[in-house]
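What the coordinates show
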Amino acid sequence: MTDTNRDIAVLGAGMHQWGKWGRNFVEYGLVAARAALADAGVDHRDVGYIAGADTIRNGYPGFVAGATFAQALGWSGARISSSYAACASGAQAIANARAQILAGLCDVALVIGADAAPKGFFQPVGGERRDDPDWLRFHLLGATNPIYFALYARRRMAMHGATLDDFAAVKVKNAKHGLNNPYARYRKEVSAEEVAASAIVSDPLRLLDICATSDGGAALVLTSMEFARRHGVADPVRIRALSTVTPTFPKTVLDLPDFATDSAVAFAEPPRAFRSAIAHAAYEEAGLGPADLSFAEVYDLSTALELDWYEDIGLCETGGAEALLRSGATTLGGRVPVNPSGGLASFGEAIPAQAIAQICELTWQLRGQADGRQVEDARAGIAVNQGLFGHGSAIIATR
Amino acid sequence: MQKEQRPAVADWFTTEDGAIRLQGSRCNTCGTPYFPRNTLACRNPYCAAPKDGSELAEYLFSTRGRIWSYADARYKPPAPYISPDPFVPYVVAAVELEVEQMVILGQVVPGFTVDDLAVGMPVELALGTLYADEEAEHTVWMWRPVND
């Protein structure tokens, strides 16, 4: 494949297994970073740029994740950055590293994200914070994250005829995909009956429809194409596009932690809603379209949300996701497997690590190293996520 | 003796005229309404207002809309939600206001479950009690189903 002038190489990928390990996030990040460096065959003293994805749940070291990981690796004089963008934090860290490489400011960058998430509902930063919309949505509405997921799920049922069985089928599929992923937290088959028997958290979503909170870490070694070749990798996995676009006014779909949407009184809603705009920008940049994809990693915070993503990344028309799921196209062995890693259904959320972990999976799939969950002849993959309040990302990788 | 009623949040809604209204702001130039109130600058990037806040005026929202979606809470959420003991499940609805062409979240008044609701169902604004303590009943806006 010919390089475009925006390609960078993924030379190394590494993870710490997701789970509830009860240890400090720095340890997860360090394990992932060392694995990615070993995978790349690069010494950390040769890394010119370290990009950390921040977590807010670990206080001061979490807010300055780049320096925290750099110190844990052993100060090496590398340039650093720390990025916070909720679930897109990892993608912003990758974007920073990519920009450094494409600008010729460094040849080798290390991107690291890790988290140690508490059990149960995510909650706002502590204290009485009456000017913080995230604090207020809990206080005034009791609007936890699952409430927002359930609002989207119910809307899908009303507009497109999604059923609880469809939602359960997503969980059954992703649990099966994750069975052989050594980094997944849950490696156990789940039946539709088990989903149906699990407790309702926020009607219409049940416990097994909603992703858990987890600990975990992920890291990537990114380089210029030229460095990769000099390093002896003639045809590396490459990142072809990276989109972190914001919504366009007026944003007419509620987003965490919104109380209200923008009004469409003065200006009509844009042709592309937020999630689909994220993916569209990546397709434009890559010069590829949905038909070119071999597989996709999408952010299944809930089973129902995976169906929204099918449409947002163009795997089918609006309202077509249920039929696509039921056809088996998105299951391993189908036309375009979705979440071959097992997705958040098998991993849970380790927020700043998640977007990086998605690119680890893209890398292993494109190299043909995804043992037990390999997408046949994988040539191109997309990874998408949506974070808090206008943050999201889409990354397209090819080989 | 009945406890004093006190808004759980200041200046987001008013009951001055006897009926509850959501309070926000609206751009004098392009007409975009905002909830909660925006005083900084009109956020419509196509609007020609000076964008120094002078274009934003107090605005009272319309009080009827249709349900965009709804969900309930079966488990006690974390603080700062103040939950009675034992926990009482509640329903949250996202309601589309025809006049303002926007969706606003609110709890549904107690007594309704998800089985009583449907997407597209008409609702109106109501005053509800979010929680009560020794001093007062802390009130908030809620949505109540109505006949079409």
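Residues numbered from 1 in each chain as written. Chains lettered and ligands numbered in written order. Predicted model: local features only at pLDDT ≥ 70, side-chain atom pairs only at ≥ 80, totals over all residues. Heavy atoms only, no water.

Looking at the packing of aromatic side chains
For the structure shown, the criterion picks out 14 aromatic pairs over all chains. Pairing A:Phe267 with B:Tyr46 gives two aromatic rings, centres 3.7 Å apart and planes at 10°, and the pair type is stacked. Note that A:Phe267 is positioned in the loop between strand 8 (237-243) and helix 10 (274-286) and B:Tyr46 in the loop between strand 4 (33-34) and strand 5 (56-60), a pairing that runs across two chains. Plain terms: the ring middles of B:Tyr59 and B:Phe61 are 5.0 Å apart, the flat faces sit at 80° to each other, and that makes the pair edge-to-face. Like B:Phe61, B:Tyr59 is buried. Members of the aromatic cluster, connected to one another through ring pairs, are A:Phe259, B:Trp12, B:Phe13, B:Phe35, B:Tyr59, B:Phe61 and B:Trp141. Taking NZ or CZ as reference, A:Arg275 lies 5.8 Å from the ring centre of A:Tyr152, over its face. One residue, A:Arg275, lies across the ring of A:Trp309, its end atom 5.7 Å from the ring centre. (Phe/Tyr/Trp six-rings, centres within 6.5 Å; stacked < 30°, edge-to-face > 60°. Helix = DSSP H or I, 4+ residues; strand = E, 2+ residues; numbered from the N terminus. Buried < 20%, exposed > 50% of the residue type's maximum accessible area, 1.4 Å probe, protein only. Lys NZ or Arg CZ within 6 Å of the ring centre and 35° of its normal.)

Quick word on the environment of A:Ala397
Mapped onto the elements of the fold, A:Ala397 is located in strand 11 (residues 392-398). Discounting chain neighbours no more than four positions away, the residues touching A:Ala397 are A:Val237, A:Arg238, A:Ile239, A:Arg240, A:Leu362, A:Leu366, A:Arg379, A:Ala380 and A:Gly381. (Contact = heavy atoms within 4.5 Å.)

Some points on the sheet that holds strand 3 (residues 79-83) of chain A
All names here are of chain A. The mixed open sheet is built from nine strands, whose spatial order is 3-2-4-7-1-8-11-10-9. Because the sheet does not close on itself, it has two edges, and the strands there are strand 3 and strand 9 (295-297). Sheet twist, expressed as the average angle between the axes of neighbouring strands with direction ignored, equals 25°. Pairing geometry for strand 8 and strand 11, over five bridges, is antiparallel. Within strand 11, the residue paired with serine 243 across the bridge is alanine 394. Across the sheet, helix 4 (residues 89-102) touches strand 1 (8-19), strand 2 (49-53), strand 3, strand 4 (108-116), strand 7 (215-223), strand 8 and strand 11, and the angle it forms with strand 2 is around 165°. (Pairing = 2+ DSSP bridges. Axes fitted to C-alpha atoms, helices over the stretch in contact; angles between N-to-C directions.)

Examining the interface of chain B and chain A
Every contact between the two is made by 46 residues of chain B and, on the other side, 39 residues of chain A. Both sides of the chain B and chain A interface together cover about 3700 Å² of buried area, and 68% of this is carbon and sulfur. For chain B, the biggest contributors to the area lost against chain A are B:Trp68, B:Pro80 and B:Leu105; these three give 19% of the whole. Here chain B and chain A share one salt bridge between them. Put simply, chain B and chain A have 16 residue pairs in polar contact (both at pLDDT 80 or more) between them. At the level of secondary structure, the elements contributing two or more residues to the side of chain B that touches chain A comprise strand 6 (64-73), strand 7 (90-97), strand 8 (102-108), strand 9 (122-132) and strand 10 (136-145) of chain B. Within the side of chain B that touches chain A, the residues separate by chemical class into 34 nonpolar, seven polar and five charged. (Buried area = accessible area lost by both parts, 1.4 Å probe. Salt bridge = Lys/Arg side-chain N within 4 Å of Asp/Glu carboxyl O. Polar contact = N/O pair within 3.5 Å; in protein donor to acceptor, adjacent residues only side chain to side chain. Nonpolar A, V, L, I, M, F, W, Y, C, P; charged D, E, K, R; others polar.)

Here's the deal with the nonpolar core
Counting residues in each nonpolar core, the largest one holds 99 residues, and the members touching the most others are A:Leu140, A:Ile313, A:Ile382, B:Ile104 and B:Trp141. Setting aside residues no more than four positions away along its own chain, B:Ile104 makes contact with A:Phe259, A:Ala260, B:Leu22, B:Phe35, B:Phe61, B:Ala93, B:Ala94, B:Val95, B:Leu97, B:Trp141 and B:Trp143. By size, the runner-up hydrophobic cluster in this structure holds 40 residues, among which are A:Leu220, A:Ala353, A:Leu362 and A:Leu366. (Core = buried A, V, L, I, M, F, W, Y, C linked by side-chain atoms within 4.5 Å.)

Focus: empty space enclosed by the protein
Residues and elements named next belong to chain A. Scanning all chains against the criterion turns up two cavities of 30 Å³ or more. Lining the largest cavity we find 14 residues, and of these Glu297, Ser341, Gly343, Gln354 and Gln358 sit closest to its centre. Within the residue set of the lining of the largest cavity, elements represented by two or more residues are helix 13 (343-347) and helix 14 (351-367). Among the residues making up the lining of the largest cavity, the classes are represented as six nonpolar, five polar and three charged. Approximately 30 Å³ is the volume found for the second largest cavity. Lining of the second largest cavity is provided by Lys171, Leu208, Asp209, Ile210, Cys211, Asp300, Ser302, Thr303 and Ala345. Looking at the lining of the second largest cavity, its residues break down into four nonpolar, two polar and three charged. (1 Å grid on protein atoms, 1.4 Å probe; cavity = no way out; pocket = protein on both sides within 12 Å on 5 of 7 lines; lining within 4 Å. Points joined across faces, edges and corners; volume = space filled by probe spheres on them.)

Concerning a nonpolar patch on the surface
Nonpolar side chains collect at one region of the surface, where A:Ile56, A:Tyr60, A:Phe63, A:Val64, A:Tyr84 and A:Val125 lie side by side and expose about 570 Å² of accessible area between them. Along the chain, the position of A:Phe63 falls in helix 2 (residues 59-63). (Patch = residues over 30% accessible without salt bridge, like charges linked within 9 Å, V, L, I, M, F, W, Y side chains within 5 Å. Areas by Shrake-Rupley, 256 points an atom, 1.4 Å probe, with all protein chains shown as cover.)

Some details on the pattern of salt bridges
Residue and element names in this part refer to chain A. Under the counting rule described, the total for this entry stands at 34 salt bridges over all chains. The partner of aspartate 7 in a salt bridge is arginine 240, with the nearest N and O atoms 3.8 Å apart. Of this pair, aspartate 7 sits in the segment before strand 1 while arginine 240 sits in strand 8; the two residues are 233 residues apart in sequence, bridging distant segments of the chain. The burial state of aspartate 7 is the same as that of arginine 240; both residues are buried. A salt bridge links aspartate 308 to arginine 156, with the shortest nitrogen-to-oxygen separation between them at 2.9 Å. Placement of aspartate 308 in helix 11 (residues 303-312) and of arginine 156 in helix 6 (residues 145-160) is noted, with a sequence separation of 152 residues between them. Three or more residues are tied together by salt bridges with common partners; here these are Arg156, Arg275, Asp308, Glu311, Asp312 and Glu322.

Spatial relationships are all this shows, so hold off on functional conclusions.
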